[in-house]
Structure formats: structure tokens, C-alpha cells
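Remarks on the overall topology
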There are 2 protein chains.
Amino acid sequence: MATIRELARQCGVSVATVSRVFNNPEVVNPDTRQNVLRVAARIGYLPNESARTLATKKSYMIGLVWDTHHRRPGWRHPFLQEILIGLKTALSERGYHLLMLATSDGEGSHDRAVRRHNLDGVVFIDNGTQDPALLRLAESGVPCVSLDRPITGPRATHVISDNAGGARTAVEHLYERGRRAIATIAGPGRTVPGAERLAGYRAALAGLGLPARDGLVVEGDFYLSGGYAAMRRLLEADERPDAVFAAGDEMAIGAMRAIAEAGLKVPEDIAVVGFDDIELAALVQPGLTTVAQDKAGFGTAAAATLVAMIDGTAAVPPPPSVLPTALIVRGTA
Amino acid sequence: MATIRELARQCGVSVATVSRVFNNPEVVNPDTRQNVLRVAARIGYLPNESARTLATKKSYMIGLVWDTHHRRPGWRHPFLQEILIGLKTALSERGYHLLMLATSDGEGSHDRAVRRHNLDGVVFIDNGTQDPALLRLAESGVPCVSLDRPITGPRATHVISDNAGGARTAVEHLYERGRRAIATIAGPGRTVPGAERLAGYRAALAGLGLPARDGLVVEGDFYLSGGYAAMRRLLEADERPDAVFAAGDEMAIGAMRAIAEAGLKVPEDIAVVGFDDIELAALVQPGLTTVAQDKAGFGTAAAATLVAMIDGTAAVPPPPSVLPTALIVRGTA
DNA sequence: CGGTTACATGAAACCGGTTACACGCAGAGA
DNA sequence: TCTCTGCGTGTAACCGGTTTCATGTAACCG
């Protein structure tokens, strides 16, 4: 394993010069620099990141906190893969790596892992309940970005979709298609996306001059079964809606199932619009019209914000990133 | 930030003793040990992993090489999330972390990242074509585990499902349901799972005394559209099969679509069995009967093998792990 | 021509751990 | 009593980088 001293010896310069060649190339004489680089390539020198981190306290590693416990078995994050791709790509373009932090690891909670590994920042993906270790972490001033849920701290922010705007778009689309009795299957009120999408739905109705009828609002759980059950409640009500905006695609598909079972047709009898644009949305029949989230955008926005915070080129605390949504029109509305 | 010297000072012992308390507790006097631990907890001492790695050359980090390039856009690994959970959990139980390696990063290829970060091992997930950097890595003696595809090297092995066995099970199940003209939609012949599942299909036919008719074998691409196209070809043939084993669930669902469009019913006219047990399999109607892979098993087996190699308690090279499959009977066969 | 300045480089301390080796001491055996 | 052993501990070198500060040299200026 070639070390910096070995390389320095072979080049006839000091280790300080070699170090500068890699970290501060412009201060070293071009000839010297070329020579060092040539010899480095020949002997296969690679700087040791551990030594580097030890000296500089910068690891170029970002922690990924992705809680999987307290979930129902079989639960999957709808966009994990896309987010990961976005994160990985955007971070690596900036020279950072992603370290997956264990959930309940032997080294205690996440804040410890951050200190032990000199992590430069952390991204929370789908942190369920407010974990005290995470709050402590965010409060401690470590750059943090949370996906889909707000978080506070001196250098903490979040990235989230324009949930309210997306919901508005969905409702307005239904309106344009001539629907007037527009119901919604909302997400759990305690979740931020659930609350925001419901607010967007209400705002849209108000904007369109439609009455807000309580019977048209039912709450689901973001799962297919919850959407199914919610739709059945809507169908049993006195006045049947002619359209439904589901705050999540899985619920929308559950709703479609319930509608079909009731002998009704989508979209003729009841139009359906979902939210998320999960893979399945394009595969069901008819294809689900839905409000697409910018999945990779979560990753890239998180990476950009994080690096800006680390470099100190971001406002403190930085404003949240709000990702635009896009209505994808398929067959259900 | 408390360092080991600070802790040693406060305890009135040397740094060597403190270090031993954490790494070799049994050699230090119980009273001394207790005291060190108490003071450590009080001042919040945490060992610095970079310094540790620098001194020991062990990082307790495993690299994750997950290539996403050269893929069609929108492509998703069917089990990424489950594998990740399995990996993360199993590794963290053994004190290891997972470092996601950038695909085409600034630091060159993967083997460099391994050396730079003193990685203890690497897992390849879904490495498409044979990347020379990966082969070099495996040859170099770094512990490597590849998922779903074989790899060779002094300390390299792979974990794979019992593809042939699973395919046999599927075909035998169709036979038991009375089907005799059993077709298959195979995966691409160049892929290992594709080839193995086709071999299992053939072996099953032979074992059951059924003739192997060329017209009953068509090749797909593991995607829904490929399965659809393949099924159409099967339907156009002279003698229509009464059952089809698709080497992947997506293809199976594509096939179901083609069958429905042809005015035929599943499973009455044509029974369908898939392979993988993707999420969608339970959601289509009728539910897809399929050969389930042990998704989390990939992660846990990889972690166990890797750690065994690192600890030197594994054969060299270690034998591949072959994960059992399980037939899940739903509505299509 | 003396003095200032800019530039390129080197010596050495430092980051925070691990560990080989030496050492002091108590108890055992001769 | 003297040596031998083994246990518990400390000293100091080492891992492989970065960075402060000092130094030598050449160019520049009045």
C-alpha cells in the first residue's frame, strides 16, 4: 500500500508538497505537480480516507437514517429506490458517500454514529415517530435534511412535495371533467402529507365555488385496504360522489376495487385521481390518473441542500425545498 | 469532543488501559474497567472510528455496489428494499455498516473506493455486465458477495435462489392441477436466473414424462411488455398451451393481460405461475400463483458469508448460498 | 544596491486511536 | 531467601494523512 511518504520519497519532495498537489494544486509549481501526479499514477497511490478524516474532521460521508422498525411487515417505501438513486448520484457528483446507519445498533443511537464516524450530514428518510435521538441530532447543529416531514434545528431543513398544490390540481382536473360531487379519501390527519393534501382539496373546492360537504371526506391510512374501506363508506352515503381524489395511489387503487365491486365503472360513474404515481399506477386498468411526485428530486434536492449547508453557502436554517408535482392523466379521470 | 487521552487523564490511567477496556476488557482489572466505563459514560466519550480504522486497517464498513446505469429509465430492482433491510439488519448486528459506493464516481472505479476507505468487504447487488473493476476487485482477495449472479475470486462467492428447484416446483404444481401442455416464458438466456429457471422447467417436464416441445418455449425479457409479447406468440401457435410458467412475475402479469385480451380466462383456460413474488403479484386479480424468493434472505445470507470471510471462519472460497424458494398458491393456478 | 514581496517548499506537530514491549509487583516454588 | 511466573499497567512508536510556520530564492522597486 503506497503511502504519502513513500510517494514523496520517490518524487524527491516532502509529504507536505504531495499533500498540496492533491488538495491545493494551484499553490504548487506546475512541473512539480505534474511529476507527483505521474509518479502517483505509476505506483498506484491513493490517499487513505481514514487518515484524511482524522486530520480534517471531514469524512465526506453522509449518514442515511432510514427507519424500518415499527412498521407493519411487508411495508415498503414507495419511492425508496428512486430517492436512493437521486441521493447517491447527486452526492457522488459532489464527492460524498452515503453511509446507511443501523436502526438500533450496538453503538447506541444515531447521534453517536454521527460523532463516531465524523459524518458531515444526515438525511432522514421516512422517520416515523419523532425519535428523540434524531431531534437531538438536528438540534446539535449537524446538517440534517428530512424527507417528507419537517424537522427543526439550526442547520436542519426538509424537502417535501407541493402536497397542497398537487391536491388542488387534482381537484381542478376533476372539475374540468365536469365532476361536481368530488369526494376525497384523505391520509391520516397526523401525517404532514395527509394534512396538506386535505387542505389542498378544501382550498380547491373553495376556489371553484363548490360546497365543502363533510360526507365527502373520509380518512384512509395510505394503504390499499384503507382506500377500499374508505370508498365503501363513500358508496354507502346518501349522495354518491361522481369523483374521488385519493391522497395516495394505493388508496386510489383500493377505491377502484370497491367501485368495481359495487358494479360501477371508472371513470364513467366515478372518476378517480390518486397521488404519488407509484409503479402500479401505470399497470392497473384503466391506468390511474394521478399527481406525480418528483421522486428523484427528493434525493437531488436533499443532496444539494446538505452540501450547501456543509459548505456554509446556505442560509441558516435553510428554507425547505418544495418539489413541484405533475398531473399524469391516464384512464381514471 | 472527548478523546481517549482526556478520558485516560480523568481516570488516572494510561491511554493503553483505556483502549484495552474497550477492545480487550478481560485483560484489565475489573475495578479499573468499571471506573473507566463510568467516567466514559459521564463525559460522553466515543471512540473515533477514523483513528481506529487508521490504526487497525479495519473499518467495519461494507461497500455496496449497486449499479444503476445502463438500465432502462424507470427500471427498479424488484427486491432492493427487502435486500437492503436484510443486509442492514444482519450487518449491524455484527457491528458493520453499509457504505453505498457511487457508480461512476470521481475517485475512479470501485476497487479504488475499497482501498481508500479500507472497506472490509463488498456486496454486489445486481451488477449487470461484468465490470472489469469488479472482477479486479474480486480477484484481489477482498471479501465479495454477489447477489443473484456468480462471481469468482479467492474470497468471493454469491448468493442465489434455487432457481431450477423453484421452476420445477412451479411446473409440477401445474401438472398436479391437470395441465399437460405447459409452456414457459423464459428469461433472457444470458442471465443466470433465466438460464437456470429454463433448465428447471425442462428437468421438470422430463421428470414428469412430458414431451419437450420447442413451440412451448419463448423467451422474454423479464419485463411486463416482454411477457405480453411472448404470450401473444404462444397464443398464435398451432397448439395452444393450457398452462404457462413465466420465469418472472412481471412477465406473468404481462401474459395474463395477453390472455385476457384474447378472450380467454385465467386459470380456467390457461393457468399461470410466475416467479419472484413481487408486491404486485398479490394485488392483481386473480392473485398470481408464484414461486417466492426469500428476499430478505439475500441480505442476511450475504451478511453472514461476508462476516465469516472477514473473520476467517469461512472456507476459501466459500460455497455459494442457495436460498430455498416457496410456492405461493393464489388464484392463477 | 538594500529592502520588500511573492512564491515554492520543507520540518515538524498534530489528529485519536492501537499495540509491542518493558516493567513493577505479588505469589509460588525451590 | 531467591528466582520464576503471570498479571496489570505504562511508555512510546506507529497508522497516513494535513497544516502551521519558517526558510530560501528570485523578482521587483525606489
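Basis of the calculations
- Residues numbered from 1 in each chain as written.
- Chains lettered and ligands numbered in written order.
- Predicted model: local features only at pLDDT ≥ 70, side-chain atom pairs only at ≥ 80, totals over all residues.
- Heavy atoms only, no water.
- Pairing = 2+ DSSP bridges.
- Helix = DSSP H or I, 4+ residues; strand = E, 2+ residues; numbered from the N terminus.
- Axes fitted to C-alpha atoms, helices over the stretch in contact; angles between N-to-C directions.
- Contact = heavy atoms within 4.5 Å.
- Salt bridge = Lys/Arg side-chain N within 4 Å of Asp/Glu carboxyl O.
- Buried < 20%, exposed > 50% of the residue type's maximum accessible area, 1.4 Å probe, protein only.
- Expected span 1.5 Å × (residues − 1).
- UniProt positions renumbered as here; feature names shortened; annotations may be inferred.
- Buried area = accessible area lost by both parts, 1.4 Å probe.
- Polar contact = N/O pair within 3.5 Å; in protein donor to acceptor, adjacent residues only side chain to side chain.
- Nonpolar A, V, L, I, M, F, W, Y, C, P; charged D, E, K, R; others polar.
- Least-squares fit on C-alpha atoms with pLDDT ≥ 70 in both.
- Near = heavy atom within 4 Å.
- Domains from an automatic or database assignment.
- Parallel < 35°, antiparallel > 145°, perpendicular 65-115°, else oblique.
- Left-handed = near helix turned anticlockwise from the far one by under 90°.

Before going further, it helps to spend a moment on the sheet that holds strand β9 (residues 271-276) of chain A. Pairing between the strands of a sheet is mediated by backbone hydrogen bonds and can be parallel or antiparallel. Residue and element names in this part refer to chain A. With mixed pairing, 6 strands are arranged side by side in an open sheet as β7-β6-β8-β9-β10-β12. Whereas interior strands pair on both sides, the edge strands pair on one side only; in this sheet they are β7 (217-219) and β12 (326-328). Ignoring which end each strand starts from, the neighbouring axes of this sheet average 20° apart. Pairing between strand β6 (residues 182-186) and strand β8 (residues 243-246): 4 bridges, direction parallel. Paired with Thr184 across the strands is Phe245, a residue of β8. Relative to β9, helix α8 (residues 163-176) is tilted by about 165°, and along the sheet it contacts β6, β8, β9, β10 (289-292) and β12.

Moving on, we come to the pattern of salt bridges. For side chains of opposite charge, pairing can occur when their charged atoms come near one another. Residues and elements named next belong to chain B. Scanning the model with the defined rule gives 20 salt bridges over all chains in all. The partner of Glu49 in a salt bridge is Arg52, with the nearest N and O atoms 3.9 Å apart. Highlighted residues: Glu49 and Arg52, both in helix α4 (residues 49-56), separated by 3 residues, approximately one helical turn. Where Asp120 meets Lys58, a salt bridge forms, and the shortest distance between an N and an O atom there is 3.5 Å. Of this pair, Asp120 sits in the loop between α6 (110-116) and β3 (121-125) while Lys58 sits in the loop between α4 and β1 (61-66); the two residues are 62 residues apart in sequence, bridging distant segments of the chain. A residue is classified by how much of its surface remains accessible, and Asp120, at 9% relative accessible area, is buried.

The next subject is helix α11 (residues 249-261) of chain B. Residues and elements named next belong to chain B. Taking 1.5 Å as the rise per residue, α11 with 13 residues should run 18 Å; its terminal C-alpha atoms sit 18 Å apart, in good agreement. With respect to burial, α11 is a largely interior element, 10 of its 13 residues being buried. Residue Gly263 follows α11 closely and has a positive phi angle near 80°.

Here we take up the UniProt feature "domain: HTH lacI-type" (unreviewed entry) in chain A. As annotated in UniProt, the feature "domain: HTH lacI-type" (unreviewed entry) corresponds to residues 2-56 of chain A in the numbering used here. Taken as a whole, residues 2-56 of chain A contains 71% helix and 0% strand, while its terminal C-alpha atoms sit 20 Å from one another.

On the chain B side, the residues contacting the 45 residues of chain A number 45 residues. When the two sides are added together, the surface that chain A and chain B hide from each other amounts to roughly 4,800 Å², 55% of it contributed by carbon and sulfur. Considering only the side of chain A, the residues that lose the most area to chain B are Arg76, Gln81 and Lys88 of chain A, jointly responsible for 16% of the buried surface there. On the surface where chain A and chain B come into contact, there are 2 salt bridges. In this structure, Glu49 of chain B and Arg116 of chain A form a salt bridge, with 2.4 Å as the shortest nitrogen-oxygen distance. Inspection of the region where chain A meets chain B yields 16 residue pairs in polar contact (both at pLDDT 80 or more). Taken together, the elements giving at least two residues each to the side of chain A that touches chain B come down to α4 (49-56), β1 (61-66), α5 (80-93), β2 (97-101), α6 (110-116), α11 (249-261) and α12 (279-283) of chain A. No other element matches the 7 residues that α5 of chain A contributes to the side of chain A that touches chain B. Counted by class, the side of chain A that touches chain B contains 20 nonpolar, 13 polar and 12 charged residues.

Turning our eyes to something else, we now look at the relation of the copies chain A and chain B. For the match of chain A to chain B, the screw axis carries a shift of 0.0 Å, the RMSD comes to 0.1 Å, and the turn is 180°. Both copies of the chain, as the preceding transformation shows, are related through a two-fold rotation axis. In this assembly the copies share their binding face: 100% of the residues contributing to the interface of chain A also contribute to that of chain B.

A word on the protein's contact with DNA strand D. Looking at DNA strand D, there are 30 residues lining it, with Ile4, Ser19 and Asn23 of chain A together with Thr17 and Thr32 of chain B nearest. Of all DNA strand D atoms lying within 4 Å of any protein atom, the proportion belonging to sugar or phosphate reaches 60%. Here a phosphate oxygen of DNA strand D and a backbone polar atom of Ile4 of chain A are 2.5 Å apart. Here Arg5 of chain A contributes a side-chain N or O atom positioned 2.7 Å from a base nitrogen of DNA strand D. For the surface near DNA strand D, the elements supplying multiple residues, two or more each, are α1 (4-11), α2 (15-23) and α4 of chain A together with α2 (15-23) and α4 of chain B. Considering every element that reaches the surface near DNA strand D, the biggest residue donor is α4 of chain A, with 5 residues. Here the residues of the surface near DNA strand D sort into 16 nonpolar, 10 polar and 4 charged.

For the rest of this paragraph, the subject is the domain arrangement of chain A. Taken as a whole, chain A is organised into domain 1 (4-47), domain 2 (61-160 + 296-322) and domain 3 (163-292). A C-alpha centroid distance of 63 Å is found between domain 1 of chain A and domain 3 of chain A.

So, about the packing of α1 of chain A against helix α3 (residues 30-43) of chain A. All names here are of chain A. Where α1 contacts α3, the two axes come as close as 10 Å, and the packing angle between them is 120°. By the angle class used here, α1 and α3 are oblique. Crossing hand, α1 versus α3: right-handed. Touching Leu7, Gln10 and Cys11 of α1 are Asn35, Val36, Val39, Ala40, Arg42 and Ile43, all from α3. When the residues that make up the contact of α1 with α3 are grouped by side-chain class, the tally is 6 nonpolar, 2 polar and 1 charged.

Close to DNA strand C lie 29 residues; Thr17 and Thr32 of chain A together with Ile4, Ser19 and Asn23 of chain B are nearest. When the atoms of DNA strand C within 4 Å of the protein are grouped by moiety, sugar and phosphate amount to 62% of the total. Take Ser14 of chain A: an N or O atom from its main chain is 2.8 Å from a phosphate oxygen of DNA strand C. At 5 residues, the largest contribution of residues to the surface near DNA strand C is made by α4 of chain B. For the surface near DNA strand C, a count of residues per class yields 15 nonpolar, 10 polar and 4 charged.

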